[in-house]
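Architecture and fold: a report
Listed below, chain by chain, are the residues.
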Amino acid sequence: MDRRKFLKGAAATGVAAGTATMMSTSANAAKTVRLRMQRFYGTENEANMKRFAKLVKEASGGSLRITNFSGGELVPNDQMADAVGKGTLDMALGYGGYWPGQIDIATIESGLPGMWPNRDEADYLFHGMGLHDLVAEAYAEKGIRHMGISYGGGYDLLTKEPIKSLDDLKKMKIRATPAVAKTFKELGIPTVNLPAQELYVALSTGVIDGCIYGGTMEYRDLKLVEVAKHYTSLNMITPGWTDCILMNEKKWAKLSEEHKAILTMAVTQLAADQYNWFNNGNREAASEEGLFVFNTLSAEDSKRITAAAQDVWKAEADRSPRNAKAIELAVKMAKATGRL
């Protein structure tokens, strides 16, 4: 694929506008720039990362190149933001939930229970109401350019027994992350936090009765459907999380304008590819006959989750004035849409 085809395709999908300037030959003549990028995923999303590198290389005529590394290959995943800030990594596809101690707004950025019910509201919160500006400001203080949000997939409940309401969960023990655990505590639901590799044994031996970890794709790939088939849509947060695409600010400043334009467009395409990968994978897994038994919580129960999450929201707001502004935006949107 040559640069003309790349630019034509990007414009057709709405990835970028006004990319005609990228047709300049100066990028071809520029000295080759090489960037090292680590993701926190393993090999499962390697196709998306290879496509990202290929798009950058072809759009720049080979003068801008990305070398990809999988999770933990160069630095531990929870140290990627720090590594980007220091220049140990040039770029990263990361998850803010790994570094709340380094970036005050990172947990809010990655998504709190009840923060958004669909992609449209998430987009409006980040880009219409200004949450992304606050996020970018926080990362910039660490020498990191926050290049964009990459939405995750499903984040719902898998249990061994059917669930009709939140009250059914009061008799069960559910694996949950700390933010969800605090929310469920307000609802009287017992929780425990376990790593993904322990979920199969914990479910099969009765240590837990269910888990909140991902969507149908994750539950299928981890083989959890062999021991728990009941998938309940919580309408708690969809998309279930956000990843972030980061770059060292000094490295960014040294790029030519054309390299900046190419990288910005390719990052947007990578975020779209990641989102489609999650959603297509979830649809495929959901459609496999006999894997899951599906249920959805009532709208009233979903509102109860958002209300119960307010202590979690407040705790994040109390961490800094910037966080308080971010939570103020989330509360404003939730009230406007009738979720609070």
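The structure presented is a predicted model; accordingly, all values stated were derived computationally and were not measured.

About the thresholds
- Residues numbered from 1 in each chain as written.
- Predicted model: local features only at pLDDT ≥ 70, side-chain atom pairs only at ≥ 80, totals over all residues.
- Heavy atoms only, no water.
- pLDDT = per-residue confidence, 0-100.
- Contact = heavy atoms within 4.5 Å.
- Pairing = 2+ DSSP bridges.
- Helix = DSSP H or I, 4+ residues; strand = E, 2+ residues; numbered from the N terminus.
- Axes fitted to C-alpha atoms, helices over the stretch in contact; angles between N-to-C directions.
- Phe/Tyr/Trp six-rings, centres within 6.5 Å; stacked < 30°, edge-to-face > 60°.
- Buried < 20%, exposed > 50% of the residue type's maximum accessible area, 1.4 Å probe, protein only.
- Lys NZ or Arg CZ within 6 Å of the ring centre and 35° of its normal.
- Salt bridge = Lys/Arg side-chain N within 4 Å of Asp/Glu carboxyl O.
- 1 Å grid on protein atoms, 1.4 Å probe; cavity = no way out; pocket = protein on both sides within 12 Å on 5 of 7 lines; lining within 4 Å.
- Points joined across faces, edges and corners; volume = space filled by probe spheres on them.
- Nonpolar A, V, L, I, M, F, W, Y, C, P; charged D, E, K, R; others polar.

1. Here we look at the confidence of the model for the protein
When pLDDT is averaged along the protein, the result is 92; 91% of the residues meet or exceed 70. A low-confidence stretch, residues 1-30 (pLDDT under 50), is modelled with 46 contacts involving residues beyond four sequence positions or located in other chains.

2. So, the sheet that holds strand β4 (residues 144-151)
Read across the sheet, five strands follow the order β2-β1-β3-β10-β4 without closing on themselves; strand pairing throughout is mixed. At either margin of the open sheet sits one strand with a lone partner, and together these are β2 (64-69) and β4. Within this sheet the neighbouring strands show an average axis-to-axis angle of 20°, counted without direction. Inspection of the sheet shows strand β1 (residues 33-39) paired to strand β3 (residues 91-94) by three bridges, in the parallel sense. The residue of β3 that forms the bridge with Gln38 is Ala92. Here helix α6 (residues 119-128) sits on the sheet and contacts β4 and β10 (242-248); the angle it forms with β4, its principal contact strand, is near 165°.

3. Focus: the packing of aromatic side chains
Applying the stated rule across the entire model yields 16 aromatic pairs. Ring centres 5.6 Å apart and planes at 85° place the aromatic pair Phe40 and Tyr98 in the edge-to-face group. Taken together, the positions of Phe40 in the loop between β1 and α3 (46-59) and Tyr98 in the loop between β3 and α5 (106-110) put the pair 58 residues apart, joining distant regions of the chain. Note on Phe40: relative accessible area 16%, which makes it buried. Taken together, a centroid distance of 5.6 Å and an interplanar angle of 55° make the contact between Trp116 and Phe126 tilted. Separated by ten residues along the polypeptide, Trp116 in the loop between α5 and α6 and Phe126 in helix α6 bring together distant segments of the chain. Trp116 gets classed as buried once you look at its relative accessible area, which sits at 0%. For Arg119, the ring lying beneath its charged end belongs to Tyr275, and the centroid distance is 4.5 Å.

4. What to know about the pattern of salt bridges
In total, this model carries 17 salt bridges according to the counting rule given. Linking Arg339 and Glu121 is a salt bridge whose minimum nitrogen-to-oxygen distance equals 3.3 Å. Separated by 218 residues along the polypeptide, Arg339 in the segment after α15 (321-336) and Glu121 in helix α6 bring together distant segments of the chain. Between Glu284 and Arg220 there is a salt bridge; the shortest N-O distance is 3.6 Å. Of this pair, Glu284 sits in helix α12 (residues 257-287) while Arg220 sits in helix α10 (residues 216-221), placing them 64 residues apart in sequence. Counted as one network, the salt bridges with shared partners bring together Asp104, Glu137, Glu141 and Arg322.

5. Regarding the environment of Ala176
In this structure, Ala176 sits in the loop between β6 (174-175) and α8 (178-186). Through-space distance from the C-alpha of Ala176 to that of Pro195 is 9.7 Å; in sequence the pair is 19 residues apart. Beyond its immediate sequence surroundings of up to four residues, Ala176 is in contact with Ala181, Thr191, Val192 and Asn193.

6. Description of the layout of surface pockets
Here the largest pocket is characterised by a volume of approximately 1,100 Å³. What lines the largest pocket is a set of 34 residues, and nearest its centre among them are Tyr95, Tyr155, Thr177, Tyr213 and Trp241. For the lining of the largest pocket, the secondary structure elements donating two or more residues are α5, α8, α10, α12 and α14 (310-317). Among the elements that take part in the lining of the largest pocket, α8 stands out by supplying four residues, more than any other. Along the lines of polarity and charge, the residues of the lining of the largest pocket split into 20 nonpolar, seven polar and seven charged.

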